[in-house]
Structure formats: structure tokens, C-alpha cells
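Spelled out from the first residue to the last, the chains are:
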Amino acid sequence: MVTFGAKLLSDLAAEYEERGEDPLPVYQELGAKGLAGLPFDPAYGGGGRPYREYLDLIEELARSWVALAVGIGVHTLVCDAVQRFGTEEIKRELLPAMLAGEKFGAYALTESSSGSDAASLRTRAERTGSGYAITGRKQFCTRGGEADLLLVMARTGVEGPKGITAFVVDRQSPGFRPGRPERKMAWRSSPTWELVFDECPVPDHRRLGAEGEGFTIAMAALDGGRLGIAACAVGLAQAACDKAVDHVRAGEAGQGTEFMLADMATGIEAGRVLYEHAAGLKDRGARYSQQASMAKLFCTDMAMRVTTDAFQIAGDDLTARFFRESKVLQIVEGTNQIQRVIIGRMLGSEAGL
Ligand SMILES: Cc1cc2nc3c(=O)[nH]c(=O)nc-3n(C[C@H](O)[C@H](O)[C@H](O)COP(=O)(O)OP(=O)(O)OC[C@H]3O[C@@H](n4cnc5c(N)ncnc54)[C@H](O)[C@@H]3O)c2cc1C
């Protein structure tokens, strides 16, 4: 069990979920423990640990508090984009504070009319004398109202993926304001925001990659992010399974529940192996996009089944929360229908179809 100060993380989770409040002090303390920059280059203050080890941390956090694990996952995804695609100047400027957990990142791709079809986004970045001015609205941005730095994908050119560019925007920039947070059935301690940009100035050096490379950057960041979501799903499923086992052991469930428990435990083991395999590919520098989609798809569908069964067995408030939380995992960072589209397309391209 993860302890945090004098408290169990699961107790803090219950309190923050009840209040519907973002746990910034908890993120800051994770940062102080070196857990906001585990898989990154020590030259910029990172922990230099394998991605697989970072995912073990995410699974462990999610076992107590999935919304917190998701918050670290989103932050890591933004740090990953900066480390992989940023210039030396932007890496030196942003990464030390981000990897120390003094500044947190959010990822702003989705818009009201472009979720699954992200390449049709409409937010625009117009050239100015000293850089760009961003105008538009983003939707469903995790911790977008709390984060210090926003990775924003905006259109600088033609329609479609080739006209999109990525920028790192300061929260204090004039012309930026968080709109309204969503009311949600789960992840109440992970605020989800609309973001409003009105001629928000971004200097040249805050562009990530070249003009037109933004969609590639956004998708590359999501590959690693999807492994984080897979690890969250395994941690959440494990917590639900543990609760169901306790209930059965206490003699409070009917006969035959062992079969349900056996299916839960088997799914959890399989999911863990799948995400760890994909993380191993990433750590070796091999291609892993397809395996990331497979892990996200399998682990989050598995978590939905496990939490449904755990709720059926234990039927208490906590397993009800787990059930609601797992539904969101099937949607974020590309719905599971979209993961099937990606996996199918890659099979087609390998077969030359
Ligand atoms: C709690 C939460 C947090 C989020 N955080 C972030 C964030 O931090 N940053 C960010 O950018 N976004 C974030 N999102 C947005 C999320 O990535 C999108 O909700 C998701 O990609 C789906 O987009 P959509 O909601 O517009 O649904 P739509 O794209 O409208 O899809 C609706 C339904 O149609 C299906 N569908 C759509 N196209 C196809 C297709 N081609 N084939 C088969 N089925 C299809 C979908 O699977 C889905 O079931 C978040 C969402 C939630 C709920």
C-alpha cells in the first residue's frame, strides 16, 4: 500500500474525490520525491529510469487513486514531447522545473468538433512579428486549468494533419483563460477543462518541432501516454479484484464467485504482461505504436469487466467508484474503437493492403 505522509494514498483519494478538488499538494510532494520525472534524461533533472519502471509506479498509484495516476501520466506525456521534439533551448528552459514537479503540463488536442478525428481541429496559430497568436477553444483538457504549461496543437497551414503545429503555452499568457470545468461521473479529483485562446501570443522558440509537425508530435506523445493509461487500468483492476477477494474471503458472497475472481486475476496478469512488453520495446528504441494501442485497448476493456464483476460481488461505494472510473479509461487518449482502427490499419499496412 502506498503511504503518503501519515496517510494512505487511498484515504486521500476518497477525500479529494468527495470534494471534487485537484490535489496539487500531492502532485508537488510526488515531484519532491523525484516521481514527476522518472523516465527522463538526468541531464535535465530526470530520473534516468526505464519507461517500464515508470509504468510500475503508475500502476501502483492507480491501485490507490486512478485520477492522480492519470495526472502524472498526462504530465509525463507533455515532458516526453518536450524532451523528444524540443530544441536544446526549450529543454533547458522547461524540463528542470517540470521534472522536479515544480511546474506541471497539460495536453490540449481535443476540440468540441474534433475528438476522434483530431486532425480536423480548428484552433489557429497566426504568424505575428515575434511569433504566433493562437485563437480557438479546446475541450476536455485534463488539469488544463491547473497546469503551468499547455501543449497546444493549432493549425498554421492546410486542412488535415499536415497543417498542424505544436506549441508550449504558459498559463499566464495574456489571451488565455480556462473556460468551464466539466461535471463528471468519475475522476472528480481530476478537473477536465475547456480552454479559451484569444489571440494568445506564443514566442517562436515555444514552437515544438517545425511548422506542420504538430500532429506527428501529438500522436508520438500519445503512444507513451496510452501505455500510462494501460498501467492505470491494471492498477485500478487490481484494486477492484483485491476488494472482491476480501469480500469473498469474509464469506459475504455466494458460491461460484471463485470463477469470477479467477477470470479477474487472469485478465490482470495478461494486461500487465502486455503493457510491460510494449514498454520494453519503447525502452529498446523499437517501434511500439501498435503494441501501445493493443495494451490500451486490452487493459482498459479488461478493467471495465473486472470492475463490473467486483461491483457485482462487493456492491459497495468503493467498487461503484472503480466501476465509474474504468469507463473513462476506455475513452481517453483515443477511444477503444479508435485503438481498433489503428491496430487494424497497421495490420493492413504490414500486409500491404
Ligand atoms: C475525462 C476526460 C479527460 C480527457 N482529457 C483530455 C486531455 O487532457 N487532452 C485532450 O486533448 N483530450 C482529452 N480528452 C478527450 C478524449 O481524448 C476524447 O473524448 C476522445 O478522443 C473521444 O473524442 P470525442 O469525445 O469527441 O468523441 P467522438 O470522437 O465524437 O466519438 C464518439 C463515439 O464515436 C466513436 N467513433 C468516432 N470515430 C470513429 C471511427 N472512425 N470508427 C469507430 N468509432 C468511431 C468513438 O469511439 C465514440 O464511441 C478527455 C476526455 C475525457 C472524457
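Worth saying up front: this structure is predicted, and the values here are computed from it rather than measured.

What counts as what
Residues numbered from 1 in each chain as written. Predicted model: local features only at pLDDT ≥ 70, side-chain atom pairs only at ≥ 80, totals over all residues. Helix = DSSP H or I, 4+ residues; strand = E, 2+ residues; numbered from the N terminus. Rg over C-alpha atoms; globule rule 2.2 N^0.38 Å. Buried ≥ 20, exposed ≤ 12 C-beta atoms within 10 Å, placed from the backbone. Contact = placed C-beta atoms within 7 Å. Near = placed C-beta within 6 Å. Nonpolar A, V, L, I, M, F, W, Y, C, P; charged D, E, K, R; others polar. Domains from an automatic or database assignment. Expected span 1.5 Å × (residues − 1). Axes fitted to C-alpha atoms, helices over the stretch in contact; angles between N-to-C directions. Parallel < 35°, antiparallel > 145°, perpendicular 65-115°, else oblique. Arc of directions from axis to C-beta. Pairing = 2+ DSSP bridges. Core = buried A, V, L, I, M, F, W, Y, C linked by C-beta atoms within 7 Å.

Q: Even after reading the chapter, I still don't get the overall build of the protein, so can you show me in this structure?
A: In terms of regular secondary structure, the protein is built from ten helices and ten strands. Computed over the C-alpha atoms, the radius of gyration of the protein is 20 Å, within 12% of the 20 Å expected from 2.2 N^0.38 for a compact globule of 353 residues. In the protein, buried positions account for 49% of the 353 residues. Partitioning the intrachain contacts of the protein with sequence separation of at least 6 by distance along the chain shows that 74% fall at a separation of at least 24.

Q: Explanation requested: the site of the ligand in the structure shown.
A: With respect to spatial proximity, 21 residues lie near the ligand, and among them G115, S116, T142, T335 and Q337 are the closest. At the level of secondary structure, the elements contributing two or more residues to the shell around the ligand comprise β3 (105–108), β5 (131–142) and α10 (336–350). Tallied by class, residues from the shell around the ligand come to twelve nonpolar, eight polar and one charged. Residues lining the shell around the ligand come from more than one domain, with at least three contributed by each of domain 2 (105–212) and domain 3 (216–350).

Q: When you look at helix α4 (residues 66–85) in this model, what are you seeing that I'm missing?
A: Two residues of an α-helix separated by three or four positions point the same way, owing to the 3.6 residues in each turn. Its 20 residues place the ends of α4 28 Å apart at the C-alpha level, agreeing with the 28 Å of an ideal helix rising 1.5 Å per residue. Where burial is concerned, most of α4 is hidden: 19 out of the 20 residues are buried.

Q: Would you take a moment to explain the packing of helix α3 (residues 51–64) against α4 for this structure?
A: How two helices pack is summed up by the angle between their axes together with the distance between the axes. Between α3 and α4, the least distance of the axes is 7 Å, while the angle of their chain directions is 150°. Here α3 is positioned roughly antiparallel relative to α4, judged by the angle of their axes. Listed contacts from α4 to Y54, I58, L61 and A62 of α3 are V66, L68, A69, I72, G73 and T76. Looking at the contact of α3 with α4 residue by residue, the class counts come to eight nonpolar, two polar and no charged.

Q: It is not clear to me how helix α5 (residues 88–99) should be interpreted in this structure. Could you clarify?
A: Along its twelve residues, α5 runs 16 Å from first to last C-alpha, staying within 8% of the 16 Å computed at 1.5 Å per residue. Burial in α5 covers these residues: K91, L94, L95, M98 and L99. Buried residues of α5, seen end-on, are gathered within an arc of 110° and therefore sit on one face of the element. Counted as exposed and oriented over 90 degrees from the buried face of α5: E89 and R92.

Q: Help me understand the domain arrangement of the protein in this model?
A: Put simply, an interface is often sized by how much accessible area is lost when its parts join up. We note that the domain assignment places domain 1 (3–99), domain 2 (105–212) and domain 3 (216–350) within the protein. Each partner contributes residues to the interface: domain 1 has 21 residues there, and domain 3 has 23 residues. Among the secondary structure elements, those contributing two or more residues to the side of domain 1 that touches domain 3 are α3 and α4. Considering every element that reaches the side of domain 1 that touches domain 3, the biggest residue donor is α4, with ten residues. Within the side of domain 1 that touches domain 3, the residues separate by chemical class into twelve nonpolar, two polar and seven charged.

Q: What should I look at first to understand the pairing of strand β4 (residues 124–127) in this one?
A: Sheet analysis places β4 next to β5, joined by four bridges and oriented antiparallel. Across the sheet, residue E126 finds its bridge partner in β5, namely A133. Between β4 and β5, which pair antiparallel one after the other, the connecting turn spans three residues.

Q: I keep staring at the pairing of strand β9 (residues 192–203) and nothing clicks. Help me out?
A: Relative to β9, β5 runs antiparallel, the two sharing nine bridges. Residue pairing across strands places I134 opposite C200, the latter belonging to β9. Pairing of strand β8 (residues 176–181) with β9 involves four bridges; the strand directions are antiparallel. For F176, the partnering residue across the bridge sits in β9 and is F197.

Q: For this particular structure, what's the right way to read the nonpolar core?
A: As a rule of thumb, soluble globular proteins bury nonpolar side chains together. Of all hydrophobic cores here, the largest spans 109 residues; its most connected members are F167, C232, A233 and Y275. Among the elements that line this core, the one with the most residues is helix α6 (residues 214–249), at 18 residues. With sequence-adjacent residues up to four places away left out, F167 is seen in contact with A125, Y132, I134, V152, A154, V202, R206, R207 and L208.

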